[in-house]
Amino acid sequence: AVSAEVKERIIAAANALYERSPTGEYPTVEAVRQESRAAMSTVVEVMKGWRESQRSKIRDLNFDAVFCSGLSRALETAKLALDGRDIPIVRIHG
């Protein structure tokens, strides 16, 4: 089990990295690990819940398309955020 203090530190790191992201991408596990100074296996476990909480925030929003950068990570984040909904993803290359 993950201690409350470590879990809070990991979530705070994930939130800070996400807020600082110029593209709105979810932070990588490695970036969160470095920021939170927690063990990789612990960060992986906590980040699964963090990502689900992020997806649940937009689950009930209605929109026509999702726009993302040409980066493969951006596309993966868009797919995760859509959570299986049939909404087109438009990749913008710049």
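Residues numbered from 1 in each chain as written. Predicted model: local features only at pLDDT ≥ 70, side-chain atom pairs only at ≥ 80, totals over all residues. Heavy atoms only, no water.

Caption draft 1: Region of interest: the overall build of the protein. Across its full length, the protein carries 4 helices and 2 strands. Per-residue burial for the protein yields a buried fraction of 32% across its 94 residues. Restricting the contact set of the protein to residue pairs at least 6 apart, pairs at least 24 apart contribute 45%. Only carbon and sulfur atoms are counted for the fraction: they give 53% of the accessible area of the protein, which is about 6,100 Å². Placing the 14 positive and 13 negative side-chain charges of the protein at their respective mean positions leaves the two points 4 Å apart. (Helix = DSSP H or I, 4+ residues; strand = E, 2+ residues; numbered from the N terminus. Buried < 20%, exposed > 50% of the residue type's maximum accessible area, 1.4 Å probe, protein only. Contact = heavy atoms within 4.5 Å. Areas by Shrake-Rupley, 256 points an atom, 1.4 Å probe, with all protein chains shown as cover. Lys, Arg positive; Asp, Glu negative; His and termini not counted. Charge placed at Lys NZ, Arg CZ, Asp CG, Glu CD.)

Caption draft 2: Fine view of the packing of aromatic side chains. Evaluation of the coordinates by the stated rule reveals 3 aromatic pairs. With centroids separated by 5.3 Å and ring planes inclined at 75°, the aromatic side chains of Tyr26 and Trp50 adopt a geometry described as edge-to-face. Of the two residues, Tyr26 sits in the loop between helix H1 (4-20) and helix H2 (29-36) while Trp50 sits in helix H3 (residues 40-58), which places them 24 residues apart along the sequence. As far as burial versus exposure is concerned, Tyr26 and Trp50 are alike and both buried. (Phe/Tyr/Trp six-rings, centres within 6.5 Å; stacked < 30°, edge-to-face > 60°.)

Caption draft 3: Quick look at H2. If you check which residues of H2 are buried, you get Val29, Val32 and Ser36. On an axial view of H2, the arc spanned by its buried residues comes to 65°, and they lie on one face. Looking at the buried side of H2, the elements it contacts are H1 and H3. Immediately beyond the C-terminal end of H2, within one or two residues, lies Arg37, with a positive phi of roughly 55°. (Arc of directions from axis to C-beta.)

Caption draft 4: Fine view of the pattern of salt bridges. Applying the stated criterion across every chain yields a total of 5 salt bridges. Glu25 is paired through a salt bridge with Arg73; the nearest N and O atoms lie 3.8 Å apart. Taken as a pair, Glu25 in the loop between H1 and H2 and Arg73 in helix H4 (residues 72-82) lie far apart in primary sequence, 48 residues in all. Here Glu52 makes a salt bridge to Arg55, at a shortest N to O gap of 3.0 Å. Of this pair, Glu52 and Arg55 both sit in helix H3, 3 residues apart, roughly one helical turn. A residue is classified by how much of its surface remains accessible, and Arg55, at 13% relative accessible area, is buried. (Salt bridge = Lys/Arg side-chain N within 4 Å of Asp/Glu carboxyl O.)

Caption draft 5: View of the pairing of strand E2 (residues 89-92). Where strand E1 (residues 66-69) and E2 come together, 4 bridges link them in parallel fashion. Among the inter-strand pairings, Cys68 is bridged to a residue of E2, identified as Arg91. You can see the chain leave E1, run along H4 and come back into E2, and the turn it takes is right-handed. (Pairing = 2+ DSSP bridges. Right-handed = clockwise from strand over helix to strand, strands pointing away.)

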